[in-house]
Amino acid sequence: MKEIFKEYLFEKHILVCEEGTEEKHPFEALFSLANLFNIRITEGEALVRSDMIAFASKQLGEDVPAPFYRGFPESVRKLSRDQLIFDQMLHYFVTYGIGDFSEAGHSLFEEQMERTAFNEKAKIRDFRIVTEEEAAKLLAEATDQLLAGTRPVSESQFDMIREYILTYDHKVQTVASKDTATLLLLETRSLQFAEFLNLSDVIRFVDVLNFKEYQNENLSQLNLRNQDRKLITALIHKLFSLGRCNLKACFEKKKAWNGLLHHLHFKAKNVAEQEFLDAMRGRDNQSVYSSFERAMAEGEVVAAMELLKKEKGSGAVLRNLNYILSRCKDLEDFGYVVRNVDSDNIIVLLQLLLAYSNYERNQAARTFRFTKYNKLRIHQETEEEMRRRKSHITVGQAGMLAKELRNILQRHLAGRLGKVYIDPDMQRYALPLQETASQGGFGVLTRGTRIPIGETKKLRAFTYWEKVNDIDLSCFAIDTKGRRREFSWRTMAEAQSEAVTYSGDETSGFHGGSEYFDINLERFRQIYPDFRYMVFCDNVFSGSNFDECFCKAGYMLRDVKDSGFIYEPKTVQSAFLVNCASTFAYLFGLDLTTNTFIWLNMARDSRARVAGDTDMRFLTDYFHVTDVMNVYEFFRMMATELVTDPAGAEVVVTDKIIDVPEGAEVIREYDFEKMIALMNK
């Protein structure tokens, strides 16, 4: 079975026994998995194979390059400020000055340190082993569930979907997301995916093709190869033959259509195509949004809303809700709009609920976030934009709207499931609403998910790499007003302490490099009482994109007085591949007041080579996601009956291994596909 499939299932705590293999020493293999990685096999013990040890090692990172200070963290704290600075300056001279990356750099002043045997208490990981046939069925189910989602999937999810379709000749029944259908069409070059697109989506397809194949984001400057022009032309003809051509929607991109049709030298094959050509070349603009804007300009807010709802659907109304509500001339119009925002688009309803529930916190300069090409883009509102802001409603109105959105969600979700048992701990986990900019890997959870850190534990963040000279791990403390303090290679000579310890800036990445931060939350609160949050980032100082090298990042939970090696696979909570087409990624955060780890995991569309040069205030919005909506609340809304004993449940939602009745469906915190399918049912 292909590596990509085995890696995807490993994230679900599943190992695959490949056909044609036989194990002569099953007990030793089981013992090694437990001894090295704390992996306990709960099902399929007879299928264990010794090659699973090497595979698990690759996922959890047993063989990781040593950091600059090999005795980290104790040896670092013993060095003076001047010793720390001199160590790094000499290292930079050898690497950046002389250009010698032949040997990994290490400290001159660090004392030899003998590490004790590992004796920390680490969490047991429960896995099951399945046959290749069973694995293929699980992957088919996951593929269909992901394709049912209306939101774009993450890059790692898409890679699995594409490979599964091609490898197993999987018959695709639906692709609900236009972004996913666009990528499948582009990467397979198969017009079978045209049936999931409309004519107006051709511009979206050309935009993605232009970026992925030509690294060009400007649609007005097309210079496509002949094979790509032929594909686009064939796509247009195919969509007309399928009858998937709403001309009104095409008017919204009229200028782009004009340029594209000219570049293609497009020739109509029938009357419908000729009418389309004439419409795009004519002066009239019959788009729905043009008519909508005219009605809004004339103060006919209710009529504008009804037009948008009729022509584009209730989802379009929801996406323009703030704009519509801000233009209501009286309470009657406002009340009418609020009463008629009903929609069966669960994901949009959930996104708006989060936005309006956090409205009070975002009344200052707003940060606009959107993803394009699977990377996060940020725009911080300027003072001039704040003064000219028109789409504004009061905090009270936002609260009323949030209450109504919650009621709508409850109506649409009620009764979808039967008897449901939900572990109270599922309140920690966020729903997978929009994970396009996320990296994939073991232990990765949904953005905004909060994991408690025990009082006796510290967090050790890590990154390690090869095929590049220098990747930097940094962290930033942030207070409630957005002010921050940087902890990075630029500042740590002055800041090493029991609260925060840094392993040194390693630049010898040709043969592999690594960096670490240790955060003792209790001591950090004592030394830096003004700060509420911490955010960790990875950036490629050398200037290459992450997808041009190999880089992993993640975190361990270690005892405050840790033992054993710096990198202990048993204590790894997550290890994920950072492979975005940029130089910058947000990894995760800490809430210092609640002792919780918070998932961020976002690739930012940035050429930043130093983490301190980017704005981070907007990230604290993600720290409050589960206060508004979480996995527990979502399944509570869907339950016909909420039961307190899993023995009486038809659906069990938990992050623990518990006994469940035969036939009951178990949904775990990492079962994003099942949650996506339920949100799009």
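Refer to the structure printed above.
The rules behind these values
Starting from 1, residues in each chain are numbered consecutively following that chain's sequence as written. Reporting of local features is limited, given that this is a predicted model, to residues whose pLDDT is at least 70; pairs of side-chain atoms are given and counted only at 80 or more, and all residues count toward the totals for whole chains, interfaces and linings. Computation of side-chain values: all heavy atoms of the structure, hydrogens and water removed. Cysteine sulfur atoms are paired as a disulfide whenever they come within 2.5 Å of each other. Salt bridges are counted wherever a side-chain nitrogen of Lys or Arg sits within 4 Å of a carboxyl oxygen of Asp or Glu. To qualify as a helix, a DSSP run of H or I must reach at least 4 residues; to qualify as a strand, a run of E must reach at least 2; elements of each kind are numbered from the N terminus. We define the nonpolar core as a collection of buried residues of types Ala, Val, Leu, Ile, Met, Phe, Trp, Tyr and Cys that are connected through side-chain atoms lying within 4.5 Å of one another. Residue exposure (1.4 Å probe, protein chains only): buried if accessible area is under 20% of the type maximum, exposed if over 50%, otherwise partly exposed. A contact between two residues is defined here by any heavy atoms of the two lying within 4.5 Å. Between N or O atoms, a polar contact is any pair within 3.5 Å; within protein, one atom must be a potential hydrogen donor and the other a potential acceptor, and residues adjacent in sequence are included only when both atoms are from side chains. One requirement defines pairing of two strands: DSSP has to find at least two bridges between them. Geometry is summarised by axes, namely lines fitted to C-alpha atoms with helices restricted to the contacting stretch, and by angles between N-to-C directions that run from 0 to 180 degrees.

**Student:** Account for the state of the cysteines, with residues named and values stated.
**Tutor:** What the rule picks out here adds up to 0 disulfides. Summary of cysteine pairing: Cys 551 is not part of a disulfide, and the nearest cysteine sulfur, belonging to Cys 549, is at 6.0 Å.

**Student:** Please give an account of the pattern of salt bridges that cites residues and values.
**Tutor:** All told, the structure shown has 43 salt bridges when counted by the stated rule. For Asp 559, the salt bridge identified is with Lys 457, shortest N-O distance 2.8 Å. Residue Asp 559 is located in strand β15 (residues 550-559), and its partner Lys 457 is located in strand β9 (residues 457-466); the two are separated by 102 residues in the primary sequence. The partner of Lys 458 in a salt bridge is Asp 518, with the nearest N and O atoms 2.8 Å apart. One end of the pair, Lys 458, is in strand β9; the other, Asp 518, is in strand β13 (residues 513-519), with 60 residues separating them in the sequence.

**Student:** Give me the nonpolar core: which residues, what numbers.
**Tutor:** Core analysis: the biggest nonpolar cluster contains 166 residues, and Trp 257, Phe 487, Phe 536 and Phe 635 have the highest contact counts within it. For this core, the element with the highest residue contribution is helix α19 (residues 346-357), accounting for 9 residues. Once residues lying within four places of it in the same chain are set aside, the contact partners of Phe 487 are Ser 474, Cys 475, Ala 477, Met 492, Ala 495, Val 500, Phe 517, Phe 524, Tyr 528 and Met 534. The next biggest cluster of nonpolar side chains, apart from the first, holds 32 residues, and it includes Cys 17, Phe 37, Leu 60 and Val 76.

**Student:** Quick one: what's the story with the environment of Glu 62, residue by residue and with numbers?
**Tutor:** Mapped onto the elements of the fold, Glu 62 is located in the loop between α3 (51-60) and α4 (74-78). Residue Glu 62 is classed as partly exposed on the basis of its relative accessible area of 37%. Contacts of Glu 62, omitting those with residues within four sequence positions, involve Leu 36, Phe 37, Ser 57 and Pro 569. In terms of polar contacts, Glu 62 uses its side chain to reach the side chain of Ser 57, at 3.1 Å.

**Student:** Hey, could you go over the sheet that holds strand β3 (residues 125-131) for me, with residue numbers and the actual values?
**Tutor:** The pairing of strands in a sheet comes from backbone hydrogen bonds and takes either a parallel or an antiparallel form. The 3 strands lie next to each other as β1-β3-β2, forming an open sheet whose pairing is parallel. Of all the strands in the sheet, just β1 (14-17) and β2 (39-43) have a single pairing partner and so form its edges. Across the sheet, the mean angle from the axis of one strand to that of its neighbour is 40°, orientation sign disregarded. Direction of pairing for β2 relative to β3: parallel, over a ladder of 4 bridges. Counterpart to Ile 39 in the pairing with β3 is Arg 125. Together, β1, β2 and β3 form the strand contacts of helix α2 (residues 26-37), whose direction differs from that of β2 by roughly 135°. Together, β1, β2 and β3 form the strand contacts of α3, whose direction differs from that of β1 by roughly 145°.

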